[in-house]
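# Understanding the architecture of this molecule
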Amino acid sequence: MSSKITRLFDFPYHQLKNFPQEKCFNYLENKTWKSISTQAYINSINKVSSSLLKLGVKPNDKIAVISANNNPNWHSLDIGVLQIGAQNVPLYATLAEKDYEYILNHSDATYCFVSNDELYKKVKSIVDKTQLKNIFSLEISNNEYSWNKFLEIGENEDYSTKIATLKDNVKPEDLATIIYTSGTTGTPKGVMLSHKNIVFAVHTTSLSLDLRGNNKRIISYLPICHIFERTASYYNQQMGFEVYFAESIEKIGDTIREVKPHYLAVVPRLLEKIFDKIVDKGSQLTGVKKGLFFWALALAEKYEPYHKNGAWYHFKLNIARKLIFSKWQEALGGNLQFMVSGSAPLQHRLIRIFTAAGIDVFEGYGMTESSPAGTLNDLRNNGLKIGTVGKPLNNVEIKIADDGEILIKGDNVMLGYYKNEEMTKETIINGYLHTGDIGKVDNDGFLTITDRKKQIFKTSGGKYIAPTALESQLKQSRFIEQVMVIGEGQKMPAALVQINFEFVEEWSNRNNHIIHDYTSDEKLIQRIQKEIDSCNTHFGKWEQIKKFEITPDEWTIDDGHLTPTLKVKRKVIKEKYKKLFEKIYNL
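Residues numbered from 1 in each chain as written. Predicted model: local features only at pLDDT ≥ 70, side-chain atom pairs only at ≥ 80, totals over all residues. Heavy atoms only, no water.

As a further point, take the side chain of S37. Position of S37 relative to the elements: it lies in the loop between β2 (32–36) and α2 (38–54). For S37, a relative accessible area of 16% translates into the label buried. One polar contact links the side chain of S37 to the main-chain amide nitrogen of A40, over a distance of 3.0 Å. Ignoring sequence-local partners within four residues, the contact set of S37 consists of Q21, E22 and C24. (Helix = DSSP H or I, 4+ residues; strand = E, 2+ residues; numbered from the N terminus. Buried < 20%, exposed > 50% of the residue type's maximum accessible area, 1.4 Å probe, protein only. Polar contact = N/O pair within 3.5 Å; in protein donor to acceptor, adjacent residues only side chain to side chain. Contact = heavy atoms within 4.5 Å.)

Right, let's get into the sheet that holds strand β26 (residues 547–550). Pairing in this open sheet of three strands is mixed, and the strands run β24-β25-β26 from one edge to the other. Of all strands in the sheet, those bounded by a partner on one side alone are β24 (480–486) and β26. When strand polarity is set aside, the average angle formed by the axes of neighbouring strands in this sheet is 25°. Sheet analysis places β24 next to strand β25 (residues 494–499), joined by six bridges and oriented antiparallel. Residue pairing for β25: M484 is matched across the bridge by L496. (Pairing = 2+ DSSP bridges. Axes fitted to C-alpha atoms, helices over the stretch in contact; angles between N-to-C directions.)

What follows is about the packing of helix α11 (residues 268–283) against helix α12 (residues 287–300). Two elements in contact, α11 and α12, have axes separated by 9 Å at closest approach and are oriented at 145°. Residues F275, I278, V279, G282 and S283 of α11 form the contact with α12, whose participating residues are K290, F293, F294 and L297. Within the contact of α11 with α12, the residues separate by chemical class into six nonpolar, two polar and one charged. (Nonpolar A, V, L, I, M, F, W, Y, C, P; charged D, E, K, R; others polar.)

Turning our attention to the nonpolar core. Ranked by internal contacts, the top residues of the largest apolar core, which has 112 residues, are Y221, F325, W328, M339 and F354. The contacts of W328, once residues within four sequence positions are left out, are F275, I278, F293, L297, I353, F354 and A357. Among the nonpolar cores identified, the runner-up in size contains 26 residues, and V89, A109, Y120 and C225 belong to it. (Core = buried A, V, L, I, M, F, W, Y, C linked by side-chain atoms within 4.5 Å.)

Another aspect to go through is unusual backbone geometry. The peptide bond linking S371 to P372 adopts the cis configuration, its omega dihedral lying at -10°. By secondary structure assignment, the location of P372 is in the loop between β13 (360–365) and β14 (375–376). Its identity is not glycine, yet Y306 carries a phi of approximately 60°, on the positive side.

Next up on the list: helix α3 (residues 72–82). The element α3 is extensively covered by neighbouring structure, given that eleven of its eleven residues are classed as buried. Residues of α3 that are buried: P72, N73, W74, H75, S76, L77, D78, I79, G80, V81 and L82. Between a side-chain oxygen at the N-terminus of α3 and the backbone nitrogen of N73 the separation is 3.1 Å; the capping residue is N71.

Time to look at the pattern of salt bridges. Following the criterion strictly, the structure yields 25 salt bridges and no others. In this structure, D99 and K98 form a salt bridge, with 3.5 Å as the shortest nitrogen-oxygen distance. Accessibility expressed as a relative area gives 60% for K98, which makes it exposed. A salt bridge links D210 to R212; its shortest N-O distance comes to 3.0 Å. A relative accessible area of 61% places R212 in the exposed class. Within the structure, one salt-bridge network assembled from shared partners comprises R269, E272, K273, K475 and E481. (Salt bridge = Lys/Arg side-chain N within 4 Å of Asp/Glu carboxyl O.)

This next bit is on the state of the cysteines. Going through the model one piece at a time under the given rule, you end up with zero disulfides. Left unpaired, C225 is separated from the closest cysteine sulfur, that of C112, by 12 Å. According to the relative accessible area criterion, C225 is buried, its value standing at 7%. (Disulfide = S-S within 2.5 Å.)

One pass over the full model with this rule turns up 26 aromatic pairs. Between the aromatic rings of F11 and Y234, the centroid separation amounts to 5.6 Å while the plane-to-plane angle is 15°, which identifies the pairing as stacked. Residue F11 is located in helix α1 (residues 10–18), and its partner Y234 is located in helix α9 (residues 227–239); the two are separated by 223 residues in the primary sequence. On the basis of relative accessibility, which here comes to 0%, the residue F11 falls in the buried class. By way of ring pairs, the aromatic residues F275, F293, F294, F325, W328 and F354 are connected into one cluster. Positioned above the aromatic ring of Y13 is the side chain of K167, whose terminal nitrogen or guanidinium carbon lies 3.7 Å from the ring centre. (Phe/Tyr/Trp six-rings, centres within 6.5 Å; stacked < 30°, edge-to-face > 60°. Lys NZ or Arg CZ within 6 Å of the ring centre and 35° of its normal.)

Let's shift gears to helix α5 (residues 117–124). Restricting attention to buried positions, one finds in α5 the residues L119, Y120, K122 and V123. Mapping the buried residues of α5 onto a view down its axis gives an arc of 160°, with all of them on the same face. In this structure, α5 carries E118 and K121 as exposed residues pointing more than 90 degrees from its buried face. Buried residues in α5 make contact with β3 (62–67), α4 (97–107), β5 (109–114) and β6 (134–137). At the N-terminal boundary of α5, the capping side chain belongs to N116, with an oxygen 3.2 Å from the backbone nitrogen of E118. (Arc of directions from axis to C-beta.)

Now for a negative patch on the surface. Where like charges cluster on the molecular surface, the negative patch consists of E250, D553, E554, D558 and D559. Within the fold, E554 resides in the loop between β26 and α19 (570–576). Residue classification places E554 among the partly exposed residues on the basis of a relative accessible area of 41%. (Patch = residues over 30% accessible without salt bridge, like charges linked within 9 Å, V, L, I, M, F, W, Y side chains within 5 Å. Areas by Shrake-Rupley, 256 points an atom, 1.4 Å probe, with all protein chains shown as cover. Lys, Arg positive; Asp, Glu negative; His and termini not counted. Charge placed at Lys NZ, Arg CZ, Asp CG, Glu CD.)

Turning next to the packing of α1 against α2. Contact geometry for α1 and α2: axes closest at 9 Å, N-to-C directions at 145°. Handedness of the α1/α2 crossing: left-handed. Facing α1, whose interface residues are P12, Y13, Q15 and L16, α2 presents T38, Q39, Y41, I42, I45 and N46. (Left-handed = near helix turned anticlockwise from the far one by under 90°.)

What follows deals with the environment of K425. If you trace the backbone, K425 turns up in helix α15 (residues 421–427). Look at K425 and you get exposed, because its relative accessible area is 56%. Through-space distance from the C-alpha of K425 to that of R7 is 26 Å; in sequence the pair is 418 residues apart.

Together, V288, L292, W295, W312, F315, I319 and L323 make up an exposed nonpolar region whose accessible area comes to about 690 Å². It is helix α13 (residues 311–331) that provides the largest number of residues to the nonpolar patch, a total of four residues. You can see V288 is positioned in helix α12.

As for its placement among the helices and strands, V572 is situated in helix α19. Spatially, the C-alpha atom of V572 lies 14 Å from that of Q455, the residues being 117 residues apart in sequence. Setting aside residues up to four positions removed in sequence, V572 forms contacts with G560 and H561.

On to the pairing of β6, then. In this sheet, β6 lies alongside β5 in parallel orientation, the contact comprising four bridges. In the sheet register, F113 faces β6, and the bridge partner there is F136. Of the crossover connections in this fold, the one passing from β5 over α5 to the parallel β6 is right-handed. (Right-handed = clockwise from strand over helix to strand, strands pointing away.)

Shown next as C-alpha cells:
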C-alpha cells in the first residue's frame, strides 16, 4: 500500500494517481448499468466539500447519513465530509424515529443526508427535537432538498485552496467517524474510529487477501453503515476495483450472475440462503443426476484443506468439481475466487462444502470496536483451519483473559465510546479491547470463538449454556430458517424456531399433507423434533434442547427480528414471542 494513504480520503486520490477507472462505481438506473469514473468521483467529492463549507460546516462537525441502499453519492459525501476535517455518522435505514432522535442528538449531528423521500419524512418528523440545521437527499430530483440542489450550494465559489488546507490539517489519529452499533441488546453505543484505525484495518487485511491486479469486479450490497462493508469499500478503492452496487440483498443472486464478481464479502445468513437454493435445485433433479449431486455434496462435507484426505479423496473431488461444482461456480458468476465471511459465526459445514467446490470461504473475526480487523483465515502458508476464525492479522495481538474473554490490541482498536468515558475504560484496559466474546487460541495460533460472553446463560440447575453452538447446528436443517435458544434461569434449554416456509411447503406437497397452522401442525412438529433430536446428539445432556415452539411468522429486518446484517435480535425475539416462551416453561 502507498505510504501516502494515512487518512480515509487518501484512498480515492491514490486510485486516481495509480489506476484511474472509467467504471469506478456502477449503479442500476432503469435496469441499466451506469458508471462514474474515478475523476468524476473526485469532482463530486470536492463539490460536496464546497457545499458543506458554504453551509458553514467546520472541522469536527458531525454529518449524519442514512441510506437504504449503497450508491456512489454516499461515498462522495463520505469523503467530502472527511477531507474537511468533519466526521461522518452513518445510520441504518431500518431504525425507528425515536432511535434517529436519540442518535442525532447524542452525536451532535448538524446536518443529515437521507437516501429517499420516505427517510426524509421520517427524519423531518423529529427534526425539531434535534440540533439539525437541515436535511438533504442523496437522490437527484426537483425537490429543494435534493442532491443536485445541495451540490449547487457551493458551486459559485472556489474552495479548492481552503479544502487543500483543511486536508493537510487532518491527522491520522483524528476522529473520522462515529458508528452506532446496531446491537442485539441495549442502547446503541457510538464507536469512535480514527482515520488511522480504519486505514490500518484495510492495510493489514489486504495482506491476507490474495487478490492481485486492478481488473476485478466487486459487488457492494451489505449495509454501507456497517464497518465490515465500509472497510471493504476503502479496500476496493485502494485496489482500483470496479464496484457494482446491488439493488438489494434480496436480488443479490441476480446481481452476482450479471456482474460476475471476483470476490464477495458475505454474512453467514446470506451464504446459508445461497446454499439452500443450490440444494433445492439439486433436490429437483432425478435419477443419476440427483444421485451424483448428493454424492458430491456428501464428499464435500468431508473436505479438509492441504490434501489431508489423501490422493483417492482428491481424485473423487476432481470428478465432483467437473460434473457438479462447476455448475455452482457458473451460478455464482464463474469468476469468484473466494468469499470472506464475517459479522457472525458461520457453519463449519458450509466452509467445507464451498471450499471443496472450488469457491474458498475464509472466515474472519472482528467487531466495530476493532475497525473491524482481528483475525482471518487465508489458504496460503497453511493459514486455513476450518472451525476457526483464523490467525491474528499482521500487527494485531490476540490474547485470552483468565475468564476466556478474547482481548485485541493494535492500531485497529477504537478511540473509545462517544460521550461515555466510563464504558470506554471498562472496555479498553491497558490498550487491550475486551471484546465480550469467549474463545481460545490453539497451538498453531488459530482463534476459535465459542460464544458471546453476554449470551452464555445459566439454567436454574447451574449449568452453563452456549446458545450459538446449538443454533449453528440446528440451522443446518433445511426445515429451520432461524432459531434462538432460550432458557436463562429456567430448568432447561429450549428453542424458538422460525421454519423455512418455502422448504416446508415443498415438503408438505411432496407428502400430500395440508398444513393449516404451521405452529400446531402435528406432523410438522414431529418432523422438527426429529431435526432437534439429531442436533442434540452433538451436545451434552444438560445442553440439549428439551422443548421448542414454532413462531408463526418470518423473522425479518423490517419487522425488527434481525439486525441489518441478519443477526438475531435476542431481546426483541423474546419479547415478540413472550407467550410462546411462557408456554414452554408453563409460566
